Amino acid sequence: MMIWRKVGTLFRASVQEPAEKLVDANALRILAQELRETEQAMILARRELANLMAESRQLERSSEHLSKTIALRESQTREAMEKGHESLMLELAERIAADENLLQEQRQHGERLAAQEKSLRSHLQEAARMLQHYKREMSLARANDNAEQVLRQLGSQTVGLRAHMGDLDASLGRIKERQARFADVNDALKELDQEARGHDLDGRLQQAGIATGKQDAKAVLDRLRSGAGQN
């Protein structure tokens, strides 16, 4: 049984990992959509607050009108009392009592509306502040994501650039090697040419009977015979 539980756990992990990778790969798009949905929710909440405020204003006007009506009925009741109209007094008193009960209910309802309005205003203000915060965070996240993409591209381009630099260095090395070889060959040719010119000059000097300063076999033998004769 344990092995099957582990297999089940592995299956759930296998299902979860692609979902997590998908979420991570689209994190910025998800965040942007969540921000849009939050803004829509705030628009609806503001509309609800506006309706609440309108109801509160209407209730306030109704209470003011009811207060004026009660004051008028009280004045009418006192006048009826002065004139001894018992039936009118009783009817007016009943209406005053009903209006006062209604006024009390409206005031209680108005207090609840005021509390709800205050709470909703506070939540909307906090939501607006947090929404701006998350918008700034999303802008930073996008900037960081763009920077990461640029760095990745720069890294791949740097590898290619290094390869090109290596090719350039190799080509330049071959060119320098070829030029150095050409210079060596040219120097050798000059040296050979100078040697050839020197030999030609010595030959012409010998033909003219002018000493070249170089020793040959005949000169060596003549020098040795001359030395032997002196002895």
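This is a predicted model, so every value here is computed, not measured.

> Honestly, the overall build of the chain in this entry has me stumped. Any pointers?
Each helix and strand in the chain was counted, giving four helices and zero strands. Shown N-terminal to C-terminal, the secondary structure of the chain runs as helices and strands in the order α-α-α-α. Buried positions account for 12% of the 231 residues belonging to the chain. The long-range share in the chain, meaning contacts at least 24 apart out of those at least 6 apart in sequence, stands at 75%. Carbon and sulfur atoms provide 56% of the accessible area of the chain, an area that totals close to 19100 Å².

> Where do I start with the pattern of salt bridges in this structure?
Side chains that differ in sign of charge can pair as their charged atoms come close. Applying the stated criterion across every chain, the model contains six salt bridges. With a shortest N-O distance of 3.3 Å, Arg 121 and Glu 117 are connected by a salt bridge. Taken as a pair, Arg 121 and Glu 117 lie in helix α3 (residues 86-207) at a separation of four residues, close to a single helical turn. In this structure Glu 117 comes out as buried when scored by relative accessible area, which is 10%. Put simply, Arg 57, Glu 117 and Arg 121 are held in one network by salt bridges that share partners.

> What is the right way to look at the nonpolar core in this model?
Generally speaking, soluble globular proteins have nonpolar side chains that are buried together. Among the nonpolar cores identified, the biggest contains five residues, and these are Ala 32, Leu 35, Met 42, Leu 131 and Met 138. For this core, the element with the most residues is helix α2 (residues 27-83), which contributes three residues. Ignoring sequence-local partners within four residues, the contact set of Met 42 consists of Leu 124, Ala 127, Ala 128 and Leu 131.

> Would you take a moment to explain the environment of Leu 49 for this structure?
Inspection of the secondary structure assignment puts Leu 49 in helix α2. When the C-alpha atoms of Leu 49 and Gln 116 are compared, they prove to be 8.8 Å apart, with 67 residues separating the residues in sequence. Filtering out sequence-adjacent residues up to four positions away, Leu 49 remains in contact with Glu 117, Leu 120, Arg 121 and Leu 124.

> Can you help me understand the side chain of Thr 77 in this one?
Topologically, Thr 77 is positioned in helix α2. Apart from residues no more than four positions distant in its own chain, Thr 77 is found in contact with Met 89, Leu 92, Ala 93 and Ile 96.

> What should I look at first to understand the confidence of the model for the chain in this one?
The pLDDT averaged across the chain works out to 77; a share of 65% of its residues lies at or above 70. The weakest mean pLDDT in the chain belongs to helix α1 (residues 2-25) at 57; the strongest belongs to α2 at 89.

> Can you walk me through the side chain of Ser 56 in this structure?
Checked against the element boundaries, Ser 56 lands in helix α2. In this structure Ser 56 comes out as buried when scored by relative accessible area, which is 11%. Sequence-distant contacts of Ser 56, defined by excluding residues within four places in its chain, comprise Leu 113 and Glu 117.

> Would you explain α2 in this entry?
For an α-helix, 3.6 residues make a turn, and residues three or four places apart therefore share a direction. Taking 1.5 Å of rise per residue, 57 residues should cover 84 Å, and α2 covers 83 Å from first to last C-alpha, within 8% of that figure. Immediately downstream of α2, the backbone of Gly 84 shows phi near 75°, a positive value.

Reading the values: rules and limits
- Residues numbered from 1 in each chain as written.
- Predicted model: local features only at pLDDT ≥ 70, side-chain atom pairs only at ≥ 80, totals over all residues.
- Heavy atoms only, no water.
- Helix = DSSP H or I, 4+ residues; strand = E, 2+ residues; numbered from the N terminus.
- Buried < 20%, exposed > 50% of the residue type's maximum accessible area, 1.4 Å probe, protein only.
- Contact = heavy atoms within 4.5 Å.
- Areas by Shrake-Rupley, 256 points an atom, 1.4 Å probe, with all protein chains shown as cover.
- Salt bridge = Lys/Arg side-chain N within 4 Å of Asp/Glu carboxyl O.
- Core = buried A, V, L, I, M, F, W, Y, C linked by side-chain atoms within 4.5 Å.
- pLDDT = per-residue confidence, 0-100.
- Expected span 1.5 Å × (residues − 1).

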